[in-house]
Amino acid sequence: MKLARLSRTAAFARTALFTALSLACLTPALADQGASPDQRADKLLKRMSLEDMHHMVQSYNDMMTLQQPPGSMGAAGYVPALPKLGIPAMQQNDAGIGVHNYPIDQGPGKQPKHVRGEEGNTTPLPSTLGIAASWNPQVAYAGGRMIGGEAHRQGINVLLAGGINLTREPRDGRTFEYLGEDPLLASRIDGGEIRGIQSQHVISTIKHYALNDQETNRLTVSANIDEAAMRESDLLAFELAIEDGHPGSVMCGYNKVNGVWDCSNTHLLTDILKGDWKYPGWVMTDWGADHGVQDAMAGTDQVSGIDHTTGFSLGQTYSSFGAPLLQAIQKGDIPKSRLEDMTHRILRSMYAVGLFEHPPEKKPLDVEADALVSQHAAEEGIVLLKNDHDQLPLHKDIKTIAIIGGHADAGVLSGGGSAEVWPIGGPAIPAVKGPDWQWKVYDPSSPMKSLQKLLPNAKIAYDDGSDPAKAAALAKSSDVAIVFATQWTCEGIDQPNLALPDNQDALIEAVAAANTHSVVVLENGGPVKMPWLSKVDAVVEAWFPGARGGEAIAGVLTGKVNPSGHLPVTFPQGEQQLPRVLITQEQEVNYNIEGAAVGYKWFDKKNLQPLFPFGFGLSYSRFDYSDLHVSTQGDHVTVSFKVSNVGQREGKDVPQVYVSLPDGLGEAPHRLAGFEKVSLQPGQSRTVSVTIDPRLLATFDVPGHQWKIAAGSYPIQVGHSSRDFVLNGAAAVAASTMAP
Ligand code: BGC
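Every value quoted in this text rests on a predicted model; they were computed, and no experiment measured them.

*Asks:* Before we go on, may I ask you to explain the overall build of the chain in this structure?
*Replies:* A count of helices and strands for the chain gives 18 helices and 36 strands. Projected onto its principal axes, the C-alpha coordinates of the chain cover approximately 75 × 70 × 65 Å. A fraction of 75% describes how many contacts in the chain between residues 6 or more apart in sequence connect residues 24 or more apart. Taken as a whole, the chain presents about 26,500 Å² of accessible surface, with 54% of it coming from carbon and sulfur. Of the charged side chains in the chain, 60 are positive and 81 negative; the average position of the first set lies 6 Å away from that of the second.

*Asks:* Help me out: how do you make sense of the side chain of Ser722 in this one?
*Replies:* Here Ser722 lies in the loop between β34 (712–721) and β35 (724–733). Here Phe614 takes part through its backbone oxygen, which lies 2.9 Å from a polar atom of the side chain of Ser722. Among all residues touching Ser722, those that are not within four sequence positions of it are Tyr600, Asp604, Pro613, Phe614, Gln656 and Tyr658.

*Asks:* Teacher, can you tell me more about the packing of aromatic side chains here?
*Replies:* Aromatic ring pairs are described here by two measures, namely the spacing of the ring centres and the angle between the planes. Overall, the coordinates contain 13 aromatic pairs when judged by the stated rule. On the numbers, 5.1 Å between centres and 80 degrees between planes, the contact of Tyr209 with Phe238 is edge-to-face. In this pair, Tyr209 is assigned in strand β7 (residues 203–209) and Phe238 in helix α8 (residues 234–245), connecting sequence segments 29 residues apart. Overall, the relative accessible area of 0% leaves Tyr209 in the buried class. Phe238 sits in the buried class, given a relative accessible area of 1%. Between Tyr600 and Phe614 the ring centres are 4.4 Å apart and the planes differ by 15 degrees, which places this aromatic pair in the stacked class. In this pair, Tyr600 sits in helix α18 (residues 600–605) while Phe614 sits in the loop between α18 and β25 (623–633), placing the two residues 14 residues apart along the sequence. When its relative accessible area of 0% is taken as the criterion, Phe614 is described as buried. These aromatic residues form a ring-pair network of at least three members: Trp135, Tyr600, Phe614, Tyr658, Phe675 and Phe725.

*Asks:* What is the right way to read the packing of helix α2 (residues 37–46) against helix α12 (residues 336–353) from this model?
*Replies:* Any two packed helices are characterised by how steeply their axes cross, that is the angle between the axes, and by the distance between the axes. Running from N to C, α2 and α12 cross one another at 130 degrees; their axes reach a closest spacing of 8 Å. By the angle between their axes, α2 is oblique relative to α12. As for the relative orientation of α2 and α12, their crossing is right-handed in sense. The residues of α12 that touch α2, namely those facing Pro37, Asp38, Arg40, Ala41, Asp42, Leu44 and Leu45, are Glu340, Thr343, His344, Leu347, Arg348, Tyr351 and Ala352. Partitioning the contact of α2 with α12 into residue classes produces 7 nonpolar, 2 polar and 5 charged.

*Asks:* I tried to follow the sheet that holds strand β22 (residues 518–524) on my own but got confused; where do I start?
*Replies:* Within a beta sheet, neighbouring strands are joined by backbone hydrogen bonds and run either parallel or antiparallel to one another. If you walk across this open sheet you meet the 6 strands as β14-β23-β22-β21-β15-β20, and the pairing is mixed. Edge positions in the open sheet fall to β14 (383–387) and β20 (459–463), since each of these has one partner strand only. In this sheet, neighbouring strand axes are inclined to one another by 15 degrees on average, regardless of whether the strands run parallel or antiparallel. In terms of strand pairing, strand β15 (residues 400–404) meets β20 through 5 bridges, oriented parallel. Bridged to Ile404 within β20 is Asp463. This element, helix α15 (residues 468–476), spans β15, β20 and β21 (480–487) of the sheet and lies at about 170 degrees to β20. In this fold helix α16 (residues 504–514) packs onto β15, β21 and β22, with an angle of close to 175 degrees to the strand it touches most, β21.

*Asks:* I keep staring at α15 and nothing clicks. Help me out?
*Replies:* Structurally, the α-helix is built with 3.6 residues per turn, so residues lying three or four positions apart point the same way. Where α15 is concerned, the buried positions are Ala471, Ala472, Leu474 and Ala475. Along the axis of α15, the buried residues cluster in a sector spanning 160 degrees; they form a single face. Every exposed residue of α15 that faces more than 90 degrees away from the buried side is listed here: Ala469 and Lys476. On the buried face of α15, the contacting elements are β15, β20, β21 and α16. A distance of 3.0 Å separates the backbone nitrogen of Ala469 from a side-chain oxygen at the start of α15, and that oxygen is part of Asp467.

*Asks:* When you look at the state of the cysteines in this model, what are you seeing that I'm missing?
*Replies:* What is meant by a disulfide is a covalent connection between two cysteines, made through their sulfur atoms. For the coordinates displayed, the defined rule picks out 1 disulfide. Put simply, Cys252 and Cys263 are joined by a disulfide, and their sulfur atoms are 2.2 Å apart. Every disulfide takes its handedness from the sign of the S-S torsion; for Cys252 and Cys263 that torsion is 110 degrees, giving right-handed. Taken together, the residues Cys252 in strand β9 (residues 249–252) and Cys263 in the loop between β11 (260–261) and α9 (266–276) connect sequence positions 11 residues apart. Just as Cys252 is buried, Cys263 falls in that class too.

*Asks:* Could you clarify how one ought to interpret the environment of Ile97 in this entry?
*Replies:* Mapped onto the elements of the fold, Ile97 is located in the loop between β3 (90–94) and β4 (103–104). Residue Ile97 is classed as buried on the basis of its relative accessible area of 4%. Apart from residues lying up to four places away in sequence, Ile97 is in contact with Thr123, Pro124, Leu125, Pro126, Ser127, Thr128, Ile147, Ala419 and Val421.

The rules behind the values
Residues numbered from 1 in each chain as written. Predicted model: local features only at pLDDT ≥ 70, side-chain atom pairs only at ≥ 80, totals over all residues. Heavy atoms only, no water. Helix = DSSP H or I, 4+ residues; strand = E, 2+ residues; numbered from the N terminus. Contact = heavy atoms within 4.5 Å. Areas by Shrake-Rupley, 256 points an atom, 1.4 Å probe, with all protein chains shown as cover. Lys, Arg positive; Asp, Glu negative; His and termini not counted. Charge placed at Lys NZ, Arg CZ, Asp CG, Glu CD. Polar contact = N/O pair within 3.5 Å; in protein donor to acceptor, adjacent residues only side chain to side chain. Phe/Tyr/Trp six-rings, centres within 6.5 Å; stacked < 30°, edge-to-face > 60°. Buried < 20%, exposed > 50% of the residue type's maximum accessible area, 1.4 Å probe, protein only. Axes fitted to C-alpha atoms, helices over the stretch in contact; angles between N-to-C directions. Parallel < 35°, antiparallel > 145°, perpendicular 65-115°, else oblique. Left-handed = near helix turned anticlockwise from the far one by under 90°. Nonpolar A, V, L, I, M, F, W, Y, C, P; charged D, E, K, R; others polar. Pairing = 2+ DSSP bridges. Arc of directions from axis to C-beta. Disulfide = S-S within 2.5 Å.

As structure tokens, this is what we get:
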């Protein structure tokens, strides 16, 4: 049997070798499979004409419509194949939370149609903010792997994923597409997601580089910030995530940084990304974020979103990398070596991720398996924020439950914009058009129906919440009232404030007044205020929970799932606590107000009490920490401690390690320096060991162009959140410096 298997394997290997060799003869791109991606890219480059290279650096707009370039498949971007060299077409598709499926407006009152499939054909994960709330890079990896696999089976080989703009502005309409306010947490989650996508031979981007932290005036606003502050915050998130995930491409953003467009920004692209960080992949622009041929010299390698009928940049009457690039090379204004480098970088990533050897194949999806990946991610990311009187989990003998609002009888809300995924089977209720090209969509996964399955003996009644008095009457006659409160957010539009929209606060107040056993489930894009918090027993933060959000929510409500999510963003009490009370409407936003002290760091520095702190999340079990050991070797500090499940249920905990810099150094009193998600049976303990990245002990020394660690004693805390420390120690660290 073993022998037979061996010889079958050998025969297979021979066939594979033969196929590879014959393909290599036919297609130059497939040659030299043992060589490194750089070597292979160089070799292929030698066979390319100026026109071939020029072809590679322009990507056509493939969105939404009738003017799709021939040969494209309705993704967001398209670079046609170069068959004579064996270079495949690039089909670049959005993937904020799943493989985006472009809705095409059919006119007033009509549901949109889709470029690929009428009823949607890909699986939405929870919002990436919800995945960040899992504090589990493996969950992010599994999600990335799932959406990468779906892309591959749809003929797509580049995903526009990996959004990691820090939550400086919690009213940002794209907060749900990003990973919260901390560079370490965001980068570990992003790194996991990107590795997952690329494991399927699909390139992932990381975006939007850099400081594209609000949607208001997103095409024009300048984010102004000092060098050290950006290196220690937003740029650190990119730096760490790129090291972890190795994304094939970086997407430069729409905005300016310190007065210079992101995609024209030599300092960001050439000095920092490609210089200091030695990033080997390519920089693609956001759609229409190019500003002329000079972007090539700044470090942009590919312009996206070009109108194939005119050759103009998206929404413009000029071209950046079309004829002007060739003319600039002919005139000697741009050296030919730059075009070679641009092309090399693109080919290098295509080789590194395996686009040549593993072309996408159209195959049916495993819808059930993919939905389970999404459900698992939602279950790990749901955060239990409040649970007075052990209101949750719901008792299995409960007799009557009122479910109120949020279309919970039908589905769960998802975020809008280029990250949105039209769900398989179509939305739970007709989609509603947003103010522009966005759609408000509910995924067909009803929390109410799932709850009924898990509590078959309970009588569950639904009220849509449109009339608070009517909802309160139902609540009054029920054992428990569960209000589903929603906040739809989307790309292109910021929230005016942190309040739940549509009078939902009044609805919750009315229900809570009628029933002292009230629970609020939130389906929202980012932090919201909770003026009713003291009047309800329990609050469950479910984010936009994705394809199986209803099942995940019901699991948490009934205790089938022990909640283990923790907040990746601070929930403020109100806008007055933010660095900017109102979202900036000007053309400049001053990020020097908070500098690198983003989110909890701002709250700690200003000694403000948030509604819920960063890192917070309850469980149906209890966890304790003990036996702290801190050791130092060179500039690496290792923190180990014991985590014990001292409650009655199996559960997952997220112990968090925070570090303080000595002598008042650093942007804030504490920085998250490490974490781990640990699964424990009741009574079980495990030792966790976390090694701190030296950059988290350092400040950025601008004149010295280096990271600098000061000698001193660094307080170390281990806790349940950024405001709840259990163990205290210190690390004795010697002075050192590191390359930027
Ligand atoms: C968004 C990007 C997206 C691109 C292509 C832009 O408007 O900012 O995140 O990848 O469109 O759809």
